[in-house]
Amino acid sequence: LPPAPTLKVNVDHAVLERGRRSMQQKIEALGLEVPDTPLNPFAMLNIDRAHSTKDMYQRIWGEMMRFFYLIGHFDSAMIVDRANCPTRPVPVSTESLALYMDYRCGTNGDKLLKPDGSTVTDVDGNELLCVGGWNSPTMLGKFHAAVLF
């Protein structure tokens, strides 16, 4: 089996809580509803997904959620914050996905840059550095599968 993706997005608990509050405000402003019981994205499958595949998707979604909260992309965090996902979430933005891929595929320690060349900052104004770790087409394939699921 290919190796499981390593998680490198470490976000302070306070940042996560602020992000969840901001996302909740956005959900309310858009008139969306969060179900009492979180939706299980695997429940409607007609085929059985291997447990390892479900775990991998959930790890990737969790890391994406932490990254989106870290950079203040609360709309994009909606669909990957499985515990707080509204029934009809806003889709992840292509900019958010591209930044996350650069964060994971870039060279560890390099500045994370926006398409215009400016540095990406976290919600506290600190410059973000790439963490790397995704150096193979296999890992990008796993990421792609998790995003399309």
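Residues numbered from 1 in each chain as written. Predicted model: local features only at pLDDT ≥ 70, side-chain atom pairs only at ≥ 80, totals over all residues. Heavy atoms only, no water.

**Remarks on the side chain of S76**
For clarity, the threshold we go by: Going along the chain from the N terminus, every DSSP run of H or I of four or more residues is numbered as a helix, and every run of E of two or more is numbered as a strand. Under the rule applied, a polar contact is a pair of N or O atoms within 3.5 Å (in protein, one hydrogen donor and one hydrogen acceptor; residues adjacent in sequence only if both atoms are side-chain atoms). In what follows, residue pairs with any heavy atoms lying within 4.5 Å of each other are defined as contacts.
Its location among the elements puts S76 in helix α3 (residues 74-80). Only 2.8 Å separates the side chain of S76 from the side chain of S96, close enough to count as a polar contact. Aside from chain neighbours lying at most four places away, what touches S76 is F68, V92, S93 and S96.

**Remarks on the packing of helix α4 (residues 94-105) against helix α5 (residues 137-148)**
Using the following cut-off: Note on definitions: angles span 0 to 180 degrees between N-to-C directions of axes, and those axes are lines fitted to C-alpha atoms, for helices only across the stretch in contact. Oblique is the label for any angle not covered by the other classes, which are roughly parallel (under 35 degrees), roughly antiparallel (over 145) and roughly perpendicular (65 to 115). The hand of a helix crossing depends on one turn: near helix anticlockwise from the far one by less than a right angle means left-handed, and clockwise means right-handed.
Running from N to C, α4 and α5 point in directions that differ by 155°, and their axes come no closer than 12 Å. In terms of orientation, α4 and α5 fall into the roughly antiparallel class. Handedness of the α4/α5 crossing: right-handed. On α5, the residues touching L97, Y100, M101 and C105 of α4 are L140, F143 and V147.

**Looking at the pattern of salt bridges**
For the record, the criterion: Any Lys or Arg side-chain nitrogen found within 4 Å of a carboxyl oxygen on Asp or Glu counts as a salt bridge. When accessible area is computed with a 1.4 Å probe and restricted to protein chains, residues below 20% of their type maximum are described as buried, those above 50% as exposed, and intermediate ones as partly exposed.
Enumeration according to the criterion identifies six salt bridges in this entry. For R18, the salt bridge identified is with D124, shortest N-O distance 2.7 Å. Linking R18 in helix α1 (residues 13-29) with D124 in the loop between α4 and α5, this pair joins segments that are 106 residues apart in sequence. For R18, a relative accessible area of 33% translates into the label partly exposed. Judged by relative accessible area, which is 47%, D124 ranks as partly exposed. One salt-bridge network, in which partners are shared between bridges, spans E17, R20 and D81.

**Describing the nonpolar core**
For clarity, the cut-off: Residues belong to a common nonpolar core when they are buried Ala, Val, Leu, Ile, Met, Phe, Trp, Tyr or Cys residues joined through side-chain atoms within 4.5 Å.
With 34 residues, the main nonpolar core has M64, F67, F68 and Y100 as its most contacted residues. Among the elements of the structure, α1, α2 (51-71), α3, α4 and α5 are those that each provide at least two residues to this core. Sequence-distant contacts of M64, that is, excluding residues within four places in its chain, are made with V80, L97, Y100, F143 and V147.

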